[in-house]
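Understanding the architecture of this molecule
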Protein chains: 2
Amino acid sequence: MKHFNMNETNVKSSGSEIHGAVHELGRDEAGRLYSVHMRELMKPLEVDTSAVEALAALRIAGKTLRMMQERWAEKHDLSEGRLGVMFRLLRVGDCPLGDLADELDSTPRNITGLVDHLERDGLVERVPDPQDRRSVRARLTAAGKQRIEAIWREGLEHQFEVVGGMSKDDLAQLRHLCLQLVENARKELGK
Amino acid sequence: MKHFNMNETNVKSSGSEIHGAVHELGRDEAGRLYSVHMRELMKPLEVDTSAVEALAALRIAGKTLRMMQERWAEKHDLSEGRLGVMFRLLRVGDCPLGDLADELDSTPRNITGLVDHLERDGLVERVPDPQDRRSVRARLTAAGKQRIEAIWREGLEHQFEVVGGMSKDDLAQLRHLCLQLVENARKELGK
DNA sequence: CATTCATATTGAAGTGCTTCATTATTACCG
DNA sequence: CGGTAATAATGAAGCACTTCAATATGAATG
């Protein structure tokens, strides 16, 4: 990036992202990373910043992962939504469109569109459901299966690189904290 | 949610989200949360799942936070982008549009649009920069400042609720791991 | 059998972005 | 001073969604 200016009249424009910068990272007394810029911005506020800093870091990490995935999806001519459908189909086999909507946290309207697109691209096909003739099941085509398996394998390697330097215990702890947070948030969101 | 069916012909449709379900959480031998559904899906694969599980949890947590923020932003008639601009202006004071683009990781085109919208809503105004007459600075109006401060206060409380049950050390660790991940990912993304 | 409900599909409109190209000012540099 | 570069604003197109409303078809139920 770097679009037009950068005339540095301000405090310290090193920033990026959401509501706080990242770029410059420092380490606290315990050797843990923190965002220098962000901590500066928070200093004048008289609040406990540990929650805010952690959540900001999490949002940034989430956004970064999402960007990676998006970039990576469109490298293979897929959107995030379409990629999600294909992963789902790879894991659970063929499946009614309605289930996809539920599982991917989406709407029927959207699923119809995603599957339309995937079908046009020859990656997925619609097959009638003999048990319920209202229902339509989506299924990976041979080409689709091959494509998504390759993507998955490639993605796995990316993932291993991204967690470089983290122990299994670190990862388990990260997982735990994230899920705990999700649990709390779900209550907040009422559901 | 719950849009049309749910006819349970499949393995276990408890799912949601990205490439793995969450809803049902269990605890491993160390007492840490994990996603039951996800672990089931991964079992047949013969890979080390700790990275995959952790990253999936992180993506889900990130998505959840984003959804909360979005919902919350539009409750105040703001998009995420506009909210980002306003937070930025609250923290760093008035600032050239170009800096906003850099700091928010966006493009000039987009910033122009966001500021247009905010100006229409009376939350932000454009002021000429006497130092550089090409440049235009964005500044919160009185109404804008009041609005964003209220939003920030309200948001702080949300954040505290969402981290309920986590110690300061947990939060510091979460921050650390997320930032480490961001650092790795940045290298991956080449930049 | 008749109603009602579930499973999609379709169309229209809107949102919030993105990219690309063009233009008008103004600053900077040789 | 004159050419180049930086700072925007603007318009046009496109993408991936979202919501809402309407329709067709089949299942389930009383």
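Everything numeric in this text was worked out from a predicted model, so none of it was measured. (Residues numbered from 1 in each chain as written. Chains lettered and ligands numbered in written order. Predicted model: local features only at pLDDT ≥ 70, side-chain atom pairs only at ≥ 80, totals over all residues.)

**Some words on the overall build of chain A**
Helices and strands together make up the secondary structure of chain A, namely 7 helices and 5 strands. In sequence order, the secondary structure elements of chain A are arranged as β-β-α-α-α-β-α-α-β-β-α-α. For chain A, long-range pairs separated by at least 24 residues make up 38% of all intrachain contacts whose partners lie at least 6 apart in sequence. (Helix = DSSP H or I, 4+ residues; strand = E, 2+ residues; numbered from the N terminus. Contact = placed C-beta atoms within 7 Å.)

**Observations concerning the sheet that holds strand β4 (residues 124-128) of chain A**
All names here are of chain A. If you walk across this open sheet you meet the 3 strands as β3-β5-β4, and the pairing is antiparallel. Sheet topology places β3 (95-96) and β4 at the edges, where each strand pairs with a single neighbour. As paired elements, β4 and strand β5 (residues 136-140) share 5 bridges and run antiparallel to each other. From the neighbouring strand, V127 faces β5, where its bridge partner is R137. (Pairing = 2+ DSSP bridges.)

**Re the nonpolar core**
One finds L58, A61 and C178 of chain A together with L58, A61 and C178 of chain B to be the most contacted residues of the largest nonpolar core, which totals 48 residues. Mapped onto this core, the elements with two or more residues apiece are β2 (33-35), α1 (36-42), α2 (49-75) and α7 (168-188) of chain A together with β2 (33-35), α1 (36-42), α2 (49-75) and α7 (168-188) of chain B. Excluding its chain neighbours within four sequence positions, the residues that come into contact with A61 of chain B are L58, G62, C178, L181 and V182 of chain A. (Core = buried A, V, L, I, M, F, W, Y, C linked by C-beta atoms within 7 Å. Buried ≥ 20, exposed ≤ 12 C-beta atoms within 10 Å, placed from the backbone.)

**Here we look at the packing of helix α3 (residues 80-92) of chain A against helix α6 (residues 142-162) of chain A**
All names here are of chain A. Orientation of α3 relative to α6, taken along the N-to-C sense of each, is 100°, at an axis distance of 10 Å. Considering their axes alone, α3 and α6 lie roughly perpendicular with respect to each other. Between α3, through M86, F87 and L90, and α6, the contact on the second element is made entirely by G144, K145, I148, E149 and W152. Of the residues belonging to the contact of α3 with α6, the class tally is 5 nonpolar, 1 polar and 2 charged. (Axes fitted to C-alpha atoms, helices over the stretch in contact; angles between N-to-C directions. Parallel < 35°, antiparallel > 145°, perpendicular 65-115°, else oblique. Nonpolar A, V, L, I, M, F, W, Y, C, P; charged D, E, K, R; others polar.)

**What about the packing of α7 of chain A against α7 of chain B?**
Running from N to C, α7 of chain A and α7 of chain B point in directions that differ by 110°, and their axes come no closer than 10 Å. Taken as axis vectors, α7 of chain A and α7 of chain B run roughly perpendicular relative to one another. Considering the relative orientation of α7 of chain A and α7 of chain B, their crossing is left-handed. Facing α7 of chain A, whose interface residues are D170, Q173, L174 and L177 of chain A, α7 of chain B presents D170, Q173, L174 and L177 of chain B. (Left-handed = near helix turned anticlockwise from the far one by under 90°.)

**What about the environment of H76 of chain B?**
Residue and element names in this part refer to chain B. For H76, the position within the fold is in the loop between α2 and α3 (80-92). Assessed through the 15 C-beta atoms surrounding it within 10 Å, H76 is described here as partly exposed. Measuring from C-alpha to C-alpha, the distance between H76 and I151 comes to 8.1 Å, with 75 residues separating the pair along the chain. Ignoring any residue separated from it by four or fewer positions in sequence, one finds H76 in contact with R147 and I151.

**Remarks on the sheet that holds strand β5 (residues 136-140) of chain B**
Residue and element names in this part refer to chain B. Judged by pairing direction, the sheet is antiparallel, and its 3 strands sit side by side in the order β3-β5-β4 without closing on themselves. With partners counted over all chains shown, the strands left at the sheet margins are β3 (95-96) and β4 (124-128), one partner each. Note that β3 and β5 share 2 bridges and pair antiparallel. Each bridged residue has a counterpart across the sheet, and for P96 the counterpart in β5 is R137.

**Observations concerning α3 of chain B**
Residue pairs three or four apart in sequence face the same way in an α-helix, which turns once every 3.6 residues. All names here are of chain B. For α3, with 13 residues, the first-to-last C-alpha span of 18 Å sits near the 18 Å given by 1.5 Å per residue. By the burial criterion, the buried members of α3 are R82, L83, G84, V85, M86, R88, L89 and R91. Positioned one or two residues after α3, G93 has a phi angle of 80°, which is positive. (Expected span 1.5 Å × (residues − 1).)

**Things to note about the domain arrangement of chain A**
By convention, interface size is frequently given as the accessible area that disappears when the constituent parts associate. Residue and element names in this part refer to chain A. Per the domain assignment, the segments of chain A are domain 1 (11-75) and domain 2 (78-153). Counting residues at the interface gives 4 residues for domain 1 and 4 residues for domain 2. Considering only residue class, the side of domain 1 that touches domain 2 consists of 1 nonpolar, 1 polar and 2 charged. (Domains from an automatic or database assignment.)

**Let's talk about α2 of chain B**
Between its first and last C-alpha, α2 of chain B extends 38 Å over 27 residues, near the 39 Å set by a 1.5 Å rise per residue. Positive backbone phi, approximately 60°, marks D77 of chain B, located one or two places after α2 of chain B.

**A few points about unusual backbone geometry**
In this structure, D77 of chain A is a non-glycine residue whose phi angle is positive, near 60°. By the secondary structure assignment, D77 of chain A is in the loop between α2 and α3. A count of 11 C-beta atoms within 10 Å places D77 of chain A in the exposed class. Non-glycine residue D105 of chain B carries a positive phi angle of around 65°. Its place among the elements puts D105 of chain B in the loop between α4 (97-103) and α5 (108-120). Under the C-beta neighbour-count criterion, D105 of chain B is labelled partly exposed, with 16 such atoms within 10 Å.

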